[in-house]
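Residues per chain, in single letters:
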Number of protein chains: 2
Amino acid sequence: MSSTKFVLLSLLAREPLSGYDMKQQMKSRVDFFYKINNNQLYPTLSKLEEDGLVELQAYERESYRPARKVYKITDAGIECLKDWVKEPGSWEEFLLKQYSSWLVEPEILISILEEKKLEQEQLLAEFKGKTASFREQNERLTSDHPLFSSAAVLEMGYRFGRCRIEWCDTMISWLKKGEI
Amino acid sequence: MSSTKFVLLSLLAREPLSGYDMKQQMKSRVDFFYKINNNQLYPTLSKLEEDGLVELQAYERESYRPARKVYKITDAGIECLKDWVKEPGSWEEFLLKQYSSWLVEPEILISILEEKKLEQEQLLAEFKGKTASFREQNERLTSDHPLFSSAAVLEMGYRFGRCRIEWCDTMISWLKKGEI
DNA sequence: TGTAACATGTAACGAGTTACATGATTGA
DNA sequence: TCAATCATGTAACTCGTTACATGTTACA
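Fair warning: this is a prediction, and the values are worked out from it, not measured in the lab.

How each quantity is defined
- Per-chain numbering applies: the sequence of each chain, read as written, is numbered from 1 onward.
- Following the order in which they are written, the chains are lettered starting with A and the ligands numbered starting with 1.
- In view of the model being predicted, local features appear only for residues whose pLDDT reaches at least 70, and side-chain atom pairs are presented and counted only at 80 or more, with totals across whole chains, interfaces and linings using the full set of residues.
- With hydrogens and water stripped out, all remaining heavy atoms of the structure feed into the side-chain values.
- Runs of E in the DSSP output that reach at least two residues are strands. Runs of H or I that reach at least four are helices, and both are numbered from the N terminus.
- Here, residues are in contact when the closest pair of their heavy atoms is within 4.5 Å.
- When the copies are overlaid, the least-squares fit takes in C-alpha atoms only where the residue has pLDDT of at least 70 in both copies.
- UniProt positions are given in the numbering used here, feature names are shortened, and annotations may be inferred rather than shown by experiment.
- In these notes, a set of buried Ala, Val, Leu, Ile, Met, Phe, Trp, Tyr and Cys residues joined through side-chain atoms within 4.5 Å is what counts as a nonpolar core.
- Only protein chains enter the accessibility calculation, which uses a 1.4 Å probe; a residue whose area is less than 20% of its type maximum is buried, one above 50% is exposed, and one in between is partly exposed.
- Proximity is defined per residue: any heavy atom of the residue falling within 4 Å of a molecule or strand makes that residue near it.
- Think of a polar contact as two N or O atoms within 3.5 Å of one another; within protein, one of them needs to be a possible hydrogen donor and the other a possible acceptor, and neighboring residues in sequence only count if both atoms come from side chains.
- Here the nonpolar group is Ala, Val, Leu, Ile, Met, Phe, Trp, Tyr, Cys and Pro; Asp, Glu, Lys and Arg are the charged ones; every other residue, Gly included, is treated as polar.
- In a helix, the anticipated span is given by 1.5 Å times the number of residues less one.
- Patches here: salt-bridge-free residues with over 30% relative accessible area, like charges joined within 9 Å, nonpolar side chains (Val, Leu, Ile, Met, Phe, Trp, Tyr) joined within 5 Å.
- The accessible surface values rely on the Shrake-Rupley method and a 1.4 Å probe; as for residues, cover is taken only from the protein chains in view.
- We define a salt bridge as a contact between a side-chain nitrogen of Lys or Arg and a carboxyl oxygen of Asp or Glu at a distance within 4 Å.
- When charges are counted, neither His nor the chain ends are considered; positive counts come from Lys and Arg and negative counts from Asp and Glu.
- Here the site of a charge means atom NZ of a Lys, CZ of an Arg, CG of an Asp or CD of a Glu.
- Ring pairs shown here join Phe, Tyr and Trp side chains whose ring centres sit within 6.5 Å, with only the six-membered ring taken for Trp; geometry is labelled stacked below 30 degrees between planes, edge-to-face above 60, and tilted in between.
- For a lysine, the NZ atom is tested; for an arginine, the CZ atom; a charge sits over a ring if that atom is within 6 Å of the ring centre and within 35 degrees of the ring normal.
- By buried area we mean the combined loss of accessible area, with a 1.4 Å probe, across both parts when two parts are placed together.

Asker: Just give me the short version of the environment of B:Ile78, but keep the residues and values in it.
Answerer: Residue and element names in this part refer to chain B. Relative to the helices and strands, Ile78 resides in helix H4 (residues 75-86). Expressed as a C-alpha distance, the spacing of Ile78 and Leu45, which sit 33 residues apart in the sequence, is 15 Å. Setting aside chain neighbours within four positions, we find Ile78 in contact with Ala13, Ile73 and Leu103.

Asker: How would you sum up the relation of the copies chain B and chain A? Please name residues and give values.
Answerer: Rotating chain B by 180 degrees and translating it 0.0 Å along the rotation axis places it on chain A, where the RMSD comes to 0.0 Å. These values place the two chain copies in the arrangement generated by a two-fold rotation axis.

Asker: Which residues make up the UniProt feature "domain: Transcription regulator PadR C-terminal" (unreviewed entry) in chain A, and what values do they have?
Answerer: As annotated by UniProt and renumbered to match this structure, "domain: Transcription regulator PadR C-terminal" (unreviewed entry) occupies residues 92-175 of chain A. Helix makes up 82% of residues 92-175 of chain A and strand 0%, with an end-to-end C-alpha separation of 21 Å.

Asker: I'd like to hear about the nonpolar core, residue by residue, with values.
Answerer: With 114 residues, the main nonpolar core has A:Met22, A:Trp167, B:Met22 and B:Trp167 as its most contacted residues. If near-sequence neighbours (up to four positions away) are discounted, A:Met22 is found in contact with A:Leu8, A:Leu11, A:Leu12, A:Leu17, A:Leu41 and A:Leu45.

Asker: Lay out the protein's contact with DNA strand D in plain terms, naming residues and giving numbers.
Answerer: In the vicinity of DNA strand D, 19 residues are found, and the nearest of them are A:Asn37, A:Asn39, A:Gln40, B:Tyr20 and B:Asn39. Protein-proximal atoms of DNA strand D, defined as those within 4 Å of the protein, fall in sugar or phosphate at a share of 56%. Take A:Ser2: an N or O atom from its side chain is 3.5 Å from a phosphate oxygen of DNA strand D. Among the secondary structure elements, those contributing two or more residues to the surface near DNA strand D are helix H3 (38-50) of chain A together with helix H2 (19-28), helix H3 (38-50) and strand E3 (65-73) of chain B. Of the residues that constitute the surface near DNA strand D, the class distribution is six nonpolar, 10 polar and three charged.

Asker: Please provide a residue-by-residue account of helix H7 (residues 146-177) of chain A, values included.
Answerer: Along its 32 residues, H7(A) runs 47 Å from first to last C-alpha, staying within 8% of the 46 Å computed at 1.5 Å per residue. Looking one or two residues beyond H7(A), the residue adopting positive phi is A:Gly178, at roughly 90 degrees.

Asker: A description of the protein's contact with DNA strand C should follow, citing residues and the corresponding values.
Answerer: The environment of DNA strand C is made up of 19 residues, and the closest members are A:Tyr20, A:Asn39, B:Asn37, B:Asn39 and B:Gln40. At 2.8 Å, a backbone N or O of A:Lys69 approaches a phosphate oxygen of DNA strand C. At 2.4 Å from a base oxygen of DNA strand C is found a side-chain nitrogen or oxygen belonging to B:Asn39. Residue assignment for the surface near DNA strand C shows that the elements contributing at least two residues are helix H2 (19-28), H3 and strand E3 (65-73) of chain A together with H3 of chain B. When residues of the surface near DNA strand C are assigned to their parent elements, the largest contribution, five residues, is made by E3(A). Here the surface near DNA strand C is built from residues that sort into five nonpolar, 10 polar and four charged.

Asker: Help me get a handle on a negative patch on the surface, residues and values and all.
Answerer: Together, A:Glu49, A:Glu50, A:Asp51, A:Glu55 and A:Asp75 make up a negatively charged patch on the protein surface. When you line up the elements, A:Glu49 lands in helix H3.

Asker: How would you sum up the environment of B:His145? Please name residues and give values.
Answerer: Mapping B:His145 onto the fold places it in the loop between helix H6 (106-137) and helix H7 (146-177). Expressed as a C-alpha distance, the spacing of B:His145 and B:Ala67, which sit 78 residues apart in the sequence, is 60 Å.

Asker: Tell me about the side chain of B:Ser149, residues and numbers included.
Answerer: Relative to the elements of secondary structure, B:Ser149 occurs in helix H7. Setting aside anything within four residues of it in sequence, one finds B:Ser149 in contact with A:Arg14, A:Gln98, A:Tyr99, A:Ser100, A:Ser101 and A:Trp102.

Asker: Let's hear about the packing of aromatic side chains: which residues, and what values?
Answerer: Counting across every chain of the model gives 13 aromatic pairs over all chains. Between B:Phe6 and B:Trp84, the aromatic rings sit 4.7 Å apart at their centres with planes inclined by 0 degrees, giving stacked as the arrangement. Of the two residues, B:Phe6 sits in helix H1 (residues 4-12) while B:Trp84 sits in helix H4, which places them 78 residues apart along the sequence. A network of ring pairs unites the aromatic residues A:Trp91, A:Phe94 and A:Trp167 as a single cluster. The ring of A:Tyr99 carries the charged tip of A:Arg14 above its face, separated from the ring centre by 3.6 Å.

Asker: Residue-level account of the interface of chain B and chain A, with values.
Answerer: Contacts between the two partners involve 48 residues from chain B, matched on the other side by 48 residues from chain A. Between chain B and chain A the total buried area reaches about 4500 Å² when both faces are included, carbon and sulfur atoms providing 70% of it. There are two salt bridges connecting chain B and chain A. In this structure, the connection of chain B to chain A is made through 18 residue pairs in polar contact (both at pLDDT 80 or more). Where the side of chain B that touches chain A is concerned, the elements lending two or more residues are helix H5 (91-98), H6 and H7 of chain B. At 21 residues, H7(B) tops the list of elements feeding residues into the side of chain B that touches chain A. Class assignment of the residues belonging to the side of chain B that touches chain A gives a composition of 24 nonpolar, 11 polar and 13 charged.

Right under this line is the structure:
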């Protein structure tokens, strides 16, 4: 149920890698936001291999250090990853899935994005209502008033929502063009 | 170390509540983003009471249902919460802290916000560099190319960063005015 | 001489999730 | 009659974090 195994599949879908490589990528890559630790990494990799979603491509051993095990994603792995990308989920998970969106047909992606957009628009409407009721009930909120902080957090929620909607629009336009 | 206890203190800083009340608020409030389950709620409340950060204000018992325990934050609790709000942390934690920003002196808040803003600006510069190097290396990215997805995720990171910076600016202007 | 990089892995712990248990009352 | 609401709490489990263990080579 956790995203960890899909994160590993997401990386392996692009190129064969060892566990160590994956950790390095997660450290350095600015375009991929995820942190993993050894305790999750290696057992999860073993489980993926058991399930036939990845396979050992190379086993580079040098005498003085542990063998470097390079894994490769299988066809079943690609299918599994594709299915996951199409599944609904929270915004955070959705963003993670976008990293593997290149595997999915553009038409399907567009419909997913349009649904996400709708979801955010509904949330935005709720925020708007809340903010309005704040302003009505309290004409002036000084910075030591609890509702000042509530308004601040609400403002952030509102801005984030708008930001997400705009991003969805940009993505849809990119996909309709077919390239960037 | 976890935020859970501070979340409970954040709610109690505004008004005395029972554990059940807190859960209800987290469900319904649009201005507060946090989910808690009974297994964390009740033991954490007990621990807060042990530590003298909250105290029992009322113990409303009706024969046919469990006693309703209404808690009240103590002076020590307020101090503890205030200290937490001033501490540095991740953006997510920072947002949580903003819900109790009304407890903190505006000058201190402004300096915290300015630091957060700087942090985001540095991140944004990194994103900008990455995006530029993408564009240079690949003139055209079709939607089935892995780097198309990388660019999509990067674009989101960039937009979020800008959104955060703009929000910081808005907050600073609110605080300098002293009210909204 | 010490520490960072390489490369795998385990152990112990803390945090979080789902599900369950109680039990009268209110409303569909 | 069935489910939901009120209100507390426990049990079992998964997930994630920090720290440790191995052992050579390269570099400051």
